[in-house]
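# Descriptive analysis of the structure
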Amino acid sequence: MKLTVHHETTYWYACPVLLQPHRMMLRPRGSHEIVILASSLSCSPEAELDWTQDVFGNLIATATFSQAAAELVIINDLTVEQSAVEWPIFRIAPEAHSFPFDYSPDDLAALGTLVTVEHEDPEGRLAAWLRGFIHGTSTDTLSLLKDINAGILDAVAYRARDEEGTQTPLETLLLASGSCRDIAALFIEAARRLGLGARAVSGYLFDADASPGDRGATHAWTEIYLPGSGWIAFDPTHRRIGNANLIPVAVARSNRQIMPITGGYAGLPEDFMTMEVTVHVARKE
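Reference entry: report on the structure contained in this document. (Residues numbered from 1 in each chain as written. Predicted model: local features only at pLDDT ≥ 70, side-chain atom pairs only at ≥ 80, totals over all residues. Heavy atoms only, no water.)

Here we take up unusual backbone geometry. Cis geometry is adopted by the peptide bond preceding P45, which originates at S44 and carries an omega value of 10°. Although it is not a glycine, R239 adopts a positive phi angle of roughly 55°. Position of R239 relative to the elements: it lies in the loop between β13 (230-235) and β14 (240-241). Look at R239 and you get partly exposed, because its relative accessible area is 42%. (Helix = DSSP H or I, 4+ residues; strand = E, 2+ residues; numbered from the N terminus. Buried < 20%, exposed > 50% of the residue type's maximum accessible area, 1.4 Å probe, protein only.)

Right under this line is the structure:
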């Protein structure tokens, strides 16, 4: 199916301020399931765009401004062909069918810190929660991941959260609530504590079941590396597996590395008034 994305971000200031360079991660990662048909990224005031790739292969646009402004508008328009199937079949290598398993030396070296836990668990609460999903000394790897993907929402309620940053996995468990990026971070930490390679993903979500005016949003989810199948998308916020209805834009070790837009201005803290983000994802007939 063809999907269109309109992502508009507006910043307002009390007076004209000198805008510092803004780093934008807004162009999707192309794959056999995602083909970019058209893309447009614009800024007002006008900016010079410098395109680079980061260490994860994400495409980065850095906007440099030459004039002060009391308002900054960044508009990202996309048209993509999304061909991921709703119920994918994952052909996992035989040696990885049963958990636990060992990655090959080459895979383990390439995964690097993506298999290393990032957060402390001083009282073992995270470990105790995770043990509840493991039944026996050997279990089906994909079934275990599916259970965790579906079971997170039994312990954590989704909560829209406007604050910047990501809660730690332990904070999300203790608060019993979190945004999509908080829930994804909890899943990532769980997978790494099982010795699996996991990475954070940011992008867009198309929801055909939502109301016509609210069918899309920016979104965060997780990918787990399983030999044979490669990187598999897990969306614990919606208890879904696979890339159907998802448009991945960037991947990294953690959410803080893949914020859609980061930047600042030269001025006083009170010069900043507010910001607004609107995202529309629609099916193109």
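Now, onward.
Attention now goes to the nonpolar core. M24, I74, W129, I148, Y204 and I224 are the most contacted members of the largest nonpolar core, which has 65 residues in total. L205, W221, A233 and V251 belong to the second largest nonpolar core, which has 6 residues in total. (Core = buried A, V, L, I, M, F, W, Y, C linked by side-chain atoms within 4.5 Å.)

Moving on, we get to helix α5 (residues 180-193). With 14 residues, α5 extends 20 Å between its outermost C-alpha atoms, agreeing within 8% with the 20 Å of an ideal straight helix rising 1.5 Å per residue. Burial analysis of α5 places 13 of its 14 residues in the buried class, the great majority of the element. Of the residues trailing α5, G195 is marked for its positive phi of about 85°. (Expected span 1.5 Å × (residues − 1).)

The full count for this structure, using the stated rule, is 7 salt bridges. The residue D154 makes a salt bridge to R239 at a minimum N-O spacing of 2.9 Å. Of this pair, D154 sits in helix α3 (residues 141-155) while R239 sits in the loop between β13 and β14, and the two are 85 residues apart along the sequence. Between R193 and E189 there is a salt bridge, with the nearest N and O atoms lying 3.3 Å from each other. Pair noted here: R193 and E189 are both in helix α5, with a separation of 4 residues, about one helical turn. What you see here is one network of salt bridges that share partners, running through E118, R192 and R256. (Salt bridge = Lys/Arg side-chain N within 4 Å of Asp/Glu carboxyl O.)

Turning our eyes to something else, we now look at the packing of α3 against α5. Look at α3 against α5: their axes get within 11 Å of each other, and the N-to-C directions meet at 145°. The handedness of the crossing between α3 and α5 comes out as right-handed. Across the interface between the two elements, L145, I148, N149, I152 and L153 of α3 pack against I183, L186, F187 and A190 of α5. For the contact of α3 with α5, a count of residues per class yields 8 nonpolar, 1 polar and no charged. (Axes fitted to C-alpha atoms, helices over the stretch in contact; angles between N-to-C directions. Left-handed = near helix turned anticlockwise from the far one by under 90°. Contact = heavy atoms within 4.5 Å. Nonpolar A, V, L, I, M, F, W, Y, C, P; charged D, E, K, R; others polar.)

With respect to the helices and strands, A266 occurs in strand β17 (residues 265-266). Residue contacts for A266: discarding those within four places in its chain leaves V17, L18 and Q20.

In this section: the side chain of T172. Structurally, the position occupied by T172 is in helix α4 (residues 169-175). Not counting residues up to four positions away in its chain, the partners in contact with T172 are V156, Q167, S177, D182 and L186.

It is worth spelling out the packing of aromatic side chains at this point. Using the criterion set out here, one finds 7 aromatic pairs in the structure. Their ring planes at 80° and their centres at 5.2 Å tell us that W129 and F133 sit as a pair that is edge-to-face. Across this residue pair, the class does not change: W129 and F133 are buried. Clustering of aromatic rings is evident, with ring pairs tying together F101, Y103, Y225 and W231. In this structure, R199 is placed above the aromatic ring of W231, and the distance from its NZ or CZ to the ring centre is 4.0 Å. (Phe/Tyr/Trp six-rings, centres within 6.5 Å; stacked < 30°, edge-to-face > 60°. Lys NZ or Arg CZ within 6 Å of the ring centre and 35° of its normal.)

This part takes up the environment of R91. Mapped onto the elements, R91 comes out in the loop between β6 (69-82) and β7 (98-99). As for R91 and T172, which are separated by 81 residues in sequence, their C-alpha atoms are 32 Å apart. Ignoring sequence-local partners within four residues, the contact set of R91 consists of P227, G228 and S229.

To continue, consider the pairing of strand β4 (residues 47-53). Pairing of β4 with strand β5 (residues 59-65) involves 7 bridges; the strand directions are antiparallel. Residue pairing for β5: A47 is matched across the bridge by F65. Adjacent in sequence and paired antiparallel, β4 and β5 are bridged by 5 residues, among which G57 carries a positive phi angle near 85°. (Pairing = 2+ DSSP bridges.)

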